[in-house]
Amino acid sequence: MNLVAGVDSSTQSTKVVVCDADTGTVLREGRAPHPDGTVADPEDWWQALTTASDGLLDDVAAIGIAAQQHGMVALDEHGVPVRPALLWNDNRSAQAAIDLTEELGGPQACAEAIGSVLVASFTASKLRWLAEHEPHLADRVTDVLLPHDWLTWRLTGEFVTDRGDASGTGYWSPGEGRYREDVLATAFGGRKPRTPRVLGPAEAAGHTRDGKLVSAGTGDNMGAALGLDVRPGDVVVSLGTSGTVFARAERPSADPSGQIAGFADATGGFLPLVCTLNAARVLTATAAMLGVGMAEFDELARRAEPGADGLALLPYLDGERTPLLPDAAGTLTGLRRDNMTPENLARAAVEGMLCGLAAGVDALRAEDIEVGRVLLIGGAAQSRAVQVVAPLIFGVPVTVPAPAEYVARGAARQAAWALAGTPNPPAWQLPGATELDVTDPDAGARIRDQHTDAFTRVHGT
């Protein structure tokens, strides 16, 4: 039996899974936390990987690394970071993203060049911030890597990346399949740092010192898609701290509205993705306001009728990225004396969160992406209230895979693919799932209409 390991180096922690290369069965797992914050010393990622994998990798033949997208790891000529890495969730580069988009000719031209309209999270925006605010450090930069690239380099000594993660830099074009050196130079004030070589989906990055093969690696969303074996007609909705909606596509996206990020995936195709800032924390914040634990919150939401008796929550508790309302706050509409109950408020929170994600599903539909079913993942996907409401809101069957580290599993599957050298990745089965059908499409339509009306009243069309 060949064994492979997959690593998920996320914002908050490193997870490692060891799998059977043929079946995907998870045999061993490890985890280690990262320091909190929006900047990081990359060495902390390495220490977390060392801790999480301690005693797990002796008999492993290949390793794959998936990690948080976008982060900026800027190295000097000695391979030393010139400053702590800026992570995807560091918003100091928001104005830089706006300025750079305009310099590239506006949203339409930007989307056509790099597949996406720039926002603060993209590496290009962070490089612009560095050039403007710390030019003495920018002058020392010789190489720019992403978090997964840096970890792969530490394992192999090679500066390499993959299409999926490269597509989140803001200076690699999914449509053209190449770096846009002109965009990079514009972003970085004329400077031209080296970028990692982009590997093919099944290409090996190199080997560790003890001879283990290391695959190309990828970004976390691309790793999740590979771990879930996303097929045509599948749309993934992930309910974590933030929410994401993505699907596989055969052609690249270029959405000038900025709603869809036109990423590449880890298989040679494309991964159009919509991101919202408000997902699972909407539920935990509402539970805290009600003074109940999550189990009781779940029960309250399930006891209320669809539509929460007229209550509608626009859940922009941290502002919002999609729709682009960075300074918005949450709004609860439809309050009357007879519907002001804990049950209705809990239900309104669940429906509001899912309506925000359903808008992302609609955006993919508008790009001619087939939506046959929703794969619902993330911590909040295990809520029974969420599982009751989700088919109503999305209007298609919903599959809730068993809880698992799907990003790490995708990285392991990529490692198995590189090890096998086959045209396609190995066929791994999902480890069990709950299937949920649409039972009342009319109720779902009424809830969506209620939220659309509330949005229009508060934020306009």
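Conventions adopted
Residues numbered from 1 in each chain as written. Predicted model: local features only at pLDDT ≥ 70, side-chain atom pairs only at ≥ 80, totals over all residues. Heavy atoms only, no water. Phe/Tyr/Trp six-rings, centres within 6.5 Å; stacked < 30°, edge-to-face > 60°. Helix = DSSP H or I, 4+ residues; strand = E, 2+ residues; numbered from the N terminus. Buried < 20%, exposed > 50% of the residue type's maximum accessible area, 1.4 Å probe, protein only. Contact = heavy atoms within 4.5 Å. Arc of directions from axis to C-beta. Axes fitted to C-alpha atoms, helices over the stretch in contact; angles between N-to-C directions. Parallel < 35°, antiparallel > 145°, perpendicular 65-115°, else oblique. Nonpolar A, V, L, I, M, F, W, Y, C, P; charged D, E, K, R; others polar. Salt bridge = Lys/Arg side-chain N within 4 Å of Asp/Glu carboxyl O. Patch = residues over 30% accessible without salt bridge, like charges linked within 9 Å, V, L, I, M, F, W, Y side chains within 5 Å. Areas by Shrake-Rupley, 256 points an atom, 1.4 Å probe, with all protein chains shown as cover. Polar contact = N/O pair within 3.5 Å; in protein donor to acceptor, adjacent residues only side chain to side chain. Pairing = 2+ DSSP bridges.

**With respect to the packing of aromatic side chains**
- The tally for this structure, following the rule as stated, stands at six aromatic pairs.
- Ring centres 6.2 Å apart and planes at 35 degrees place the aromatic pair Phe122 and Phe263 in the tilted group. Remark: Phe263 occurs in strand β18 (residues 261-264) and Phe122 occurs in the loop between α3 (107-114) and α4 (123-133); sequence separation between them is 141 residues. Phe263 matches Phe122 in its accessibility class, with the two residues each being buried.
- Judged by centre distance (6.4 Å) and plane angle (85 degrees), the ring pair of Tyr316 and Phe455 falls under edge-to-face.

**Description of the environment of Pro391**
- The topology assignment puts Pro391 in helix α13 (residues 384-394).
- Sequence-distant contacts of Pro391, that is, excluding residues within four places in its chain, are made with Val396, Val398, Leu436, Asp437 and Val438.

**Remarks on helix α11 (residues 294-303)**
- Turning to α11, its buried residues are Phe297, Asp298, Leu300 and Ala301. The buried residues of α11 all sit within an arc of 160 degrees when viewed along its axis, so they share a single face.
- In this structure, the buried residues of α11 make contact with α10 (280-290), α12 (342-366) and α13.

**Observations regarding the packing of α10 against α11**
- Where α10 contacts α11, the axes come no closer than 10 Å and their chain directions differ by 95 degrees. Comparing their axes, α11 and α10 come out roughly perpendicular. Facing Leu283, Thr284, Thr286, Ala287 and Leu290 of α10, the residues of α11 in contact are Met294, Phe297 and Leu300.
- Grouping the constituent residues of the contact of α10 with α11 by class yields six nonpolar, two polar and no charged.

**Regarding the pattern of salt bridges**
- Here the structure, examined in full by the defined rule, presents 30 salt bridges.
- Close ionic contact of Glu134 with Arg83 constitutes a salt bridge, the shortest N to O distance being 2.7 Å. Separated by 51 residues along the polypeptide, Glu134 in the loop between α4 and α5 (135-138) and Arg83 in the loop between β6 (73-75) and β7 (85-86) bring together distant segments of the chain. Across the pair, Arg83 and Glu134 agree in class, each one buried.
- For Arg365, the salt bridge goes to Asp362, with nearest N and O atoms at 3.0 Å. Of the two residues, Arg365 and Asp362 are both situated in helix α12; the distance of three residues between them amounts to about one turn of the helix.
- Exposure remark for Arg365: the relative accessible area of 33% places this residue in the partly exposed category.
- Counted as one network, the salt bridges with shared partners bring together Glu176, Arg178, Arg180 and Asp182.

**Some remarks on a nonpolar patch on the surface**
- A contiguous nonpolar surface patch, about 280 Å² in accessible area, is contributed by Leu332, Leu335 and Met340.
- Mapped onto the elements, Leu335 comes out in the loop between β21 (331-333) and α12.

**Thoughts on the side chain of Ser383**
- You can see Ser383 is positioned in the loop between β22 (373-377) and α13.
- At a separation of 3.3 Å, a polar atom in the side chain of Ser383 contacts the main-chain amide nitrogen of Ala385.

**Concerning the sheet that holds strand β19 (residues 270-276)**
- The strand order across the open sheet built from seven strands is β18-β19-β17-β16-β22-β23-β24, with neighbouring strands paired in mixed fashion. Looking along the sheet, the strands with just one partner apiece sit at the ends: β18 and β24 (433-436). On average, each strand axis in the sheet is inclined to that of its neighbour by 25 degrees, with strand direction left out of account.
- Sheet topology places strand β23 (residues 398-401) next to β24; four bridges connect them, and they run antiparallel. If you follow Pro401 over to β24, its bridge partner there is Ala433.

**Some remarks on the pairing of strand β17 (residues 243-246)**
- Neither face of β17 is exposed, since Gly243 and Val245 on one face and Thr244 and Phe246 on the opposite face are all buried.
- As paired strands, strand β16 (residues 234-239) and β17 are joined by four bridges and run antiparallel to one another. For Ser238, the partnering residue across the bridge sits in β17 and is Thr244.
- The turn linking β16 back onto β17 is made up of three residues.

**Considering the environment of Pro256**
- Locating Pro256 in the fold gives a position in the loop between β17 and β18.
- Residue classification places Pro256 among the partly exposed residues on the basis of a relative accessible area of 33%.
- For the pair Pro256 and Gln108, spaced 148 residues apart in sequence, the C-alpha separation works out to 4.6 Å.

**Observations concerning the packing of α11 against α12**
- In the contact formed by α11 and α12, the axes pass within 7 Å of each other and the chain directions differ by 95 degrees. It follows that α11 is roughly perpendicular to α12 by the angle criterion. Contacts between α11 and α12 involve Phe297, Leu300, Ala301 and Arg303 from the former and Pro342, Glu343, Ala346, Arg347, Ala349 and Val350 from the latter.
- In terms of residue class, the contact of α11 with α12 is built from seven nonpolar, no polar and three charged.

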